[in-house]
Structures are given as C-alpha cells and as structure tokens.
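Below, each chain spelled out in residue letters.
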Amino acid sequence: MPIFTPGRRWQPPFMPFKREPPTRRLLVSAEIIIKGPLWGCRMCGNCLLQETAFICPMECPKGLRNGPCGGSTPESCYVDKTRPCIWYKVYERSFNMGRQEKLMEVLPPLDWEKVGSETWGDVAGQVKKMGTGNVVKGLVSPKKRYQTWEGIFRPVRQPDWWQGDSEYHEPKYKEPVSELERRLKAGEFVVACEITPPLSVSTNKLTSNIDLVKQYVTAINFTDNASATPRMTSWACSKFAIERGAEPVMQIAARDRTRAGLQGEILGASALGVRNVLCVTGDSAVLAPQPRGRMDINDLDAVQMLWILRRMRDDGRYLDGREIKFPPRYFLGAAASPFASDPKFQAMREHKKVNAGAQFFQTNLVYDIERMEIWLNELAKRNILGKVYIMIGITPLKSLKMARYMTEVPGVWVPEPILKRMEDADGAGNAQEEGVQIALELARKIKKYEKQGIHGLHIMPVGWEDIVPRIVTESGLLPESFVPSQQLKK
Ligand code: SF4
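Numbering of residues starts from 1 in every chain and runs along the sequence as written. The predicted nature of this model means local features are confined to residues of pLDDT at least 70 and side-chain atom pairs, given and counted, to a pLDDT of 80 or more, with totals for whole chains, interfaces and linings taken over all residues.

A. Representation of the domain arrangement of the protein in the model. For the domains described, the bounds stem from an automatic or database domain assignment. Partitioning the protein into domains gives domain 1 (22-104 + 112-157) and domain 2 (179-489). Put simply, the middle of domain 1 and the middle of domain 2, counted by C-alpha atoms, are 33 Å apart. By the convention adopted here, residues make contact when the C-beta atoms placed from their backbones lie within 7 Å. Taken together, the contact between domain 1 and domain 2 spans 21 residues of the former and 24 residues of the latter.

This is the structure:
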C-alpha cells in the first residue's frame, strides 16, 4: 500500500504514448520512483494531489477526478468491495486539514497527450516563465505566498482549453427551453417518470408506455444503458416520445462517452428536439453482464460533462474552443444521491454539479424522509437551494424480494420499518399493495417539502410503468394540464 494514499494497492502506471527526450525520461523515472511508493502514482501526467488532500484520486476504479460517484459508501467502493472509496478518504482528509473548499474546483478530464509522462517538467516550466527570483520572493512573503503558489500550479492543472473554477455560472438565457423548465420556473410541483428502454428494435411496449403515462407526468426519462447493460439508446427513445407528444429527459452516461462522442451526440439530440438532458457518471461495468469492458477509467465524469455542455450552450464553444454557429439548447440536469457517503460530503458534490451547470436534480431513491431532510439541510448550508430544482426519486416496491434487493443497490437506503412492513405484508400475501401504499405515503410526505427546496417527484417504476397513473392520481399530484382520457377521445 502506498504511504500517503490510503488505498488498497499500487496499481500499474499508465504507459506514455510517445517517446520523450532523455531529460524528461529521467524526470519520468524519478517521478515513478518517488511518487509511486508515496502516493501510488499511476503517472496520469495531470497531477491533482494538491486539490485532493495529497491522496491520489486515480486509485478510483472509475478514474473519477471530480469527487465520488453516487454509489460510494464510507465502508467500501462498490466496484471493488475490497478497497475503500478513495474519494471518501479524500473528503475525510480534506475536512480534517481544512482544505475542503479546494474540492470545489471543476477539474478537467485527462489530457491524454500527457498521460504516462511527468508533471514536474510542467511545474519547472511555469516557474521559469514567472521568473525563478520572483517565485522565490513570492513564496517567502506570507502576503504573496498563496498567489505565487497558484501562479505556478493553476496553469498546470487548468489548461487554456478548460479553465475550470469554483464559481456558480448562471445560465445565459432567460426563456425556458422545455416544458419541464417552464413548469418548474412557474412554481408547479412536477412529476417525471422513467421508462425503461426496449431490449430489442420492437418499440410497441415503449410507445404504449409513453401513451400510458404522458398525461400524468411532465417529462419522461429514458435511461442510458442502466447497470451498464445495453438497451435502445436514450436519444432514440426520446425521439419516439417527442413524436407522441410527450416531453423526454434524455439521460446520458459518461461511462459510455468519449469527449468527441458526447459533443456530437448532444448536437444531434438537440437538433432532434430533445430539450432536457440528464448527465450521469453511469453505473460501473462491474454490474454489467460478462464479458466486461474496461472498468478503470472513464474519459469524462458527470461534472465534466455538465461543464462541457453548459459551455456549448451558453458560450457556443466546443471543448477545443471552436465556435458553434448554432449552439444547442437544453435544460441541464444531474443525478443527486442523498444517501451516498456522508450528507456533508454529498452536498459538496451536488454543489460542484450546480456550479458546473446542473439546473435540476433527479435524486436516487428515497425511502427515508428524515435522512433526506439531513441532506437537504446540508444543501441549504451551501446556499444552493435557490439555484437548482430538485425532484426526489421514488420506486414502488413490488415485492419483499425487491425490497431486499434495494438494500444492496449502491446509494440506496431502505430503513428497517419499511422492510418490516414488506415482510409482514408478504406473509399476508399483500406485498405488492403494501409497496404501493409506501410509495403513496412517501409522495405525500415529499410534497410537504415544496417550500423547502423540493420541486417535484421522479418516479422510477423499474418496468412497472402501469403503476404510475395510480401513484400520481392517488397522491394528488396530477399536473394542471391533465385531461381525462374520456375528454381526449372526444
Ligand atoms: S494525480 Fe496523477 S500524477 Fe498525481 S499522483 Fe495521482 S496518478 Fe500520479
């Protein structure tokens, strides 16, 4: 185990793509020899140690560079249960060292041109640029020390093509771009629901589900290869929804995207009329059917996706700086995870997403309102409740087996009293109805937080789409636009 990174093992370094001159090769060897045993350095060539309390984040099996995923727990990483979540360790140590606000800076994806090479040469180059004498004087002076330090390291970690920061960036448009955004801005308590995309090219079930729920909800989410298992793409399902008069939320998972793929796909989706986009990091391929693809590195994470997509929309620029003559338009969302890690850590992660560009959150499943409130209070302390719309995720439990399974899902917490109710109901042969009653109670309780930063409900029926109309109707959440089907036929 490396000395300063409390990870499990020393993973092999990334290999350089090109042959460097002898001086740089010497530096590479020195960095491997020194930073390897100390930090478990993998030679990513884009060092973040100062931002991450001197723990190498590349220990993360997903290669995340902007914080933990929604499945992290204090106990272990869900991808590899034999090691701790390295981001949990980073947050813990950052708080202990008083360096937590450093975690708020939106950090760039890897520049693969540098991967496998060292970072020290870049630092030395920057010192030379600033003047070695000026650097020495600056570092000696307590007043100029921080500024000088930042002058050296900021250009190294924030290249010109990225320029990430820790600030909130208000969207540069005023009129809502989607019906979901319009209703949220108007103060309506909205309901969205998820429809599982088909496993084949047959769209009969997909279209019948869209027709079934579209009157009852404001928007319909289409997942993007949930559990890293291939299904019909989210943009194609979104297109079917638009054709049937429903409003889609296109989910897009960083796991399956390169930076080029993301930008191309978003232009296509926007041209097709998709106006709500939900950025998620995506479940690890460890949950996927075998054989698994590469699991240790994502080209992008959800925070970086939000940063890229916000700038494409608001600044009309590709990541590489080229101008987009007709920029895409969308309402940008992200996933939030009230029960992953510690609510204080999680609130920082949500704050970072809001700064990067998230305008709405759809949360992971909530079965515990008291714990949800703790998370909400942490968001309030960070002063972000007025900057993002929050829709709380619920899933009706169809059986005791499902309730038990939910306790294993990363980022989901099912409290004991709910499990007990499902056990008792199962004994009486009534588990399905009990699951619906629990969902209705949760929906009504969540609605009570309307004035405290919650703006809607996000129903994830996991294939049980038929139940959505009943939950929406019986919990009193029918949208203002609802037209009974008898009237629709007239
Ligand atoms: S962030 Fe990159 S360069 Fe820095 S220690 Fe980790 S792998 Fe090495």
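B. Representation of the pairing of strand S7 (residues 389-394). Partly exposed residues are those whose C-beta has more than 12 but fewer than 20 other C-beta atoms within 10 Å; 20 or more makes a residue buried and 12 or fewer makes it exposed, with C-beta atoms placed from the backbone. Under the scheme used here, helices are H or I runs from DSSP no shorter than 4 residues and strands are E runs no shorter than 2 residues, and both carry numbers assigned from the N terminus. Across the 6 residues that make up S7, a large majority, 6, are buried. Burial of S7 is two-sided: the residues Tyr389, Met391 and Gly393 facing one way and the residues Ile390, Ile392 and Ile394 facing the other way are all buried. Following DSSP output, two strands are said to pair if at least two bridges run between them. As paired elements, strand S6 (residues 360-365) and S7 share 4 bridges and run parallel to each other. The residue bridging glutamine 362 from the neighbouring strand is methionine 391, located in S7. Handedness of the β-α-β unit built from S6, helix H12 (residues 369-381) and S7 comes out right-handed. Note: S7 against strand S8 (residues 456-459), 4 bridges, orientation parallel. Its bridge partner being in S8, isoleucine 394 is matched across the sheet by isoleucine 459. For crossovers, right-handed means that the path from the first strand over the helix to the second runs clockwise, given strands pointing away from the viewer.

C. Summary view of the packing of helix H9 (residues 259-272) against helix H10 (residues 302-314). Orientation is described by lines fitted to C-alpha atoms, with helices fitted over the stretch in contact, and by angles between N-to-C directions that extend from 0 to 180 degrees. The interhelical angle for the contact between H9 and H10, taken along N-to-C directions, is 45°, at an axis separation of 11 Å. The angle between the axes of H9 and H10 places the two elements in the oblique class. Along this stretch, H9 crosses H10, giving a crossing that reads as right-handed. Along its contact with H9, which presents Leu262, Gln263 and Ile266, the element H10 presents Met305, Ile308, Leu309 and Met312. Residues are grouped as follows: Ala, Val, Leu, Ile, Met, Phe, Trp, Tyr, Cys and Pro are nonpolar; Asp, Glu, Lys and Arg are charged; all remaining types, including Gly, are polar. A class-by-class count of the residues in the contact of H9 with H10 yields 6 nonpolar, 1 polar and no charged. Reported orientations rely on four angle classes, namely roughly parallel under 35 degrees, roughly antiparallel over 145, roughly perpendicular from 65 to 115, and oblique for the rest. The hand of a helix crossing depends on one turn: near helix anticlockwise from the far one by less than a right angle means left-handed, and clockwise means right-handed.

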